[in-house]
Amino acid sequence: MLLKYISVIILSVSFNTVANETLNVGSDEWCPYICNEVHKPGVLIEVINEIAKHNGLDINFNILPLARSLILLQQSKLDMVLALTAEHIEEYHLKRSLEVYGGWYHDFYVIKTNQWKFSSIESLKKEIEQGNTLGIIKGYKYSNGITQLQETSGQLIYSASGNSPLSNILMMLSKQRISMVLDSRFNIEYELQNSNISNLKYAGTEGDFVPLYIGYSPEFKVKYINIFDQGLIKLRATGQLSKILKRYGIPDWQAKSLN
């Protein structure tokens, strides 16, 4: 099924998911989970489309900034937002999947000539105090240490926004307009390969694996949540999920999420 891309303006129209069984989904571009390509739309897009196809549902997917999509979801102008943390779900009072749909690490990347490596929040703080800018993504949930740095050193923490924030800050890092980027290795490595960026390197990880969920609007019906959760279980059991993941070159997140 081809993805339908519509403008954010259209989202101001009231949707009726029960009448037409069309579910309106929003997320920013965050490959390989959520991409903006017809032939490789992203792991989670392929997963939810496959489940919807077998359950008489249509997916109307919209690329839009995460912060905007969360507000629309909270207002029930969207039905689903992909790749949310438990903190997102709680903060916006959303319903959530019981199953885990992906995950991420808090990984740092720098230019290859930079010898800095993350060892602690203190080491990062010292780097920032020396005038080095950290690039993150607006609306994403980071650790308490990163949040505190945003409050004390906000002028040296660049928060990218828009529909493709990760690719934007990686390009900025490659051109040395910022000094460090914080995001997940799966997504960064995918972007580096697709963008032919070869002058960046991994520089350490803060914390552990963070599971991600599908967030649903407060009015979303539980029966649909169950349909997607059971569908994911079936895709994994039949090996279809493995085939999707292989296309994007990333491992199944299940082993990490069960730790």
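Residues numbered from 1 in each chain as written. Predicted model: local features only at pLDDT ≥ 70, side-chain atom pairs only at ≥ 80, totals over all residues. Heavy atoms only, no water.

> Please provide a residue-by-residue account of the overall build of the chain, values included.
Scanning the chain from terminus to terminus reveals 11 helices and 10 strands. At 18 Å, the chain has a C-alpha radius of gyration in line with the 18 Å of a compact globule built from 259 residues. Summarising its shape, the C-alpha atoms of the chain cover approximately 55 × 35 × 35 Å along the three principal directions. Burial analysis of the chain (259 residues in total) assigns 53% to the buried set. In the chain, once contacts between residues fewer than 6 apart in sequence are set aside, the share between residues at least 24 apart is 78%. Accessible surface for the chain amounts to roughly 12100 Å². Of this, 48% is attributable to carbon and sulfur atoms. (Helix = DSSP H or I, 4+ residues; strand = E, 2+ residues; numbered from the N terminus. Rg over C-alpha atoms; globule rule 2.2 N^0.38 Å. Buried < 20%, exposed > 50% of the residue type's maximum accessible area, 1.4 Å probe, protein only. Contact = heavy atoms within 4.5 Å. Areas by Shrake-Rupley, 256 points an atom, 1.4 Å probe, with all protein chains shown as cover.)

> How would you explain the pattern of salt bridges if you had to name every residue and give the values?
Enumeration according to the criterion identifies five salt bridges in this entry. Between D107 and R185 there is a salt bridge whose closest N-O contact spans 2.9 Å. Taken together, the residues span a long stretch of sequence, with D107 in strand β5 (residues 103-111) and R185 in helix α8 (residues 185-195) at a distance of 78 residues. The exposure class of D107 is buried, given its relative accessible area of 0%. R236 is paired through a salt bridge with D252; the nearest N and O atoms lie 2.9 Å apart. (Salt bridge = Lys/Arg side-chain N within 4 Å of Asp/Glu carboxyl O.)

> For the pairing of strand β7 (residues 157-160), give the residues involved together with the corresponding values.
Here four bridges tie strand β6 (residues 134-137) to β7, and the two strands are oriented parallel to one another. Looking across to β7, one finds that I136 is bridged to S159. The handedness of the β6 to β7 crossover, carried by helix α6 (residues 144-152), is right-handed. (Pairing = 2+ DSSP bridges. Right-handed = clockwise from strand over helix to strand, strands pointing away.)

> Break down the state of the cysteines for me, citing the residues and quoting the values.
Per the counting criterion, the structure on display carries one disulfide. Linked covalently through their sulfurs, C31 and C35 form a disulfide whose S-S length is 2.2 Å. Accessibility classification places C31 together with C35 in one group, the buried group. (Disulfide = S-S within 2.5 Å.)

> Tell me about the side chain of S97, and name the residues and values.
Relative to the helices and strands, S97 is located in the loop between β4 (95-96) and β5. In this structure the side chain of S97 is engaged in a polar contact, spanning 2.8 Å, whose partner is the backbone oxygen of E99. Leave out the neighbours within four places in its chain, and S97 touches Y213, I214, Y216, I225 and D229. (Polar contact = N/O pair within 3.5 Å; in protein donor to acceptor, adjacent residues only side chain to side chain.)

> So what about the environment of F209? Which residues, and what values?
As for its placement among the helices and strands, F209 is situated in strand β9 (residues 200-211). The spacing of F209 and E29 is 180 residues in sequence and 20 Å in space, taken between C-alpha atoms.

> Describe helix α5 (residues 121-129), listing the residues and the values that go with them.
Of all the positions in α5, only S123, L124, E127 and I128 are classed as buried. Taken end-on, α5 shows its buried residues confined to a sector of 135°, consistent with a single buried face. Summarising the geometry of α5, the exposed residues directed more than 90 degrees from the buried face are K126 and E129. Lining the buried residues of α5 we find β5, β6, α6, β7 and β8 (180-183). Just beyond α5, the residue with positive phi is G131, at close to 95°. (Arc of directions from axis to C-beta.)

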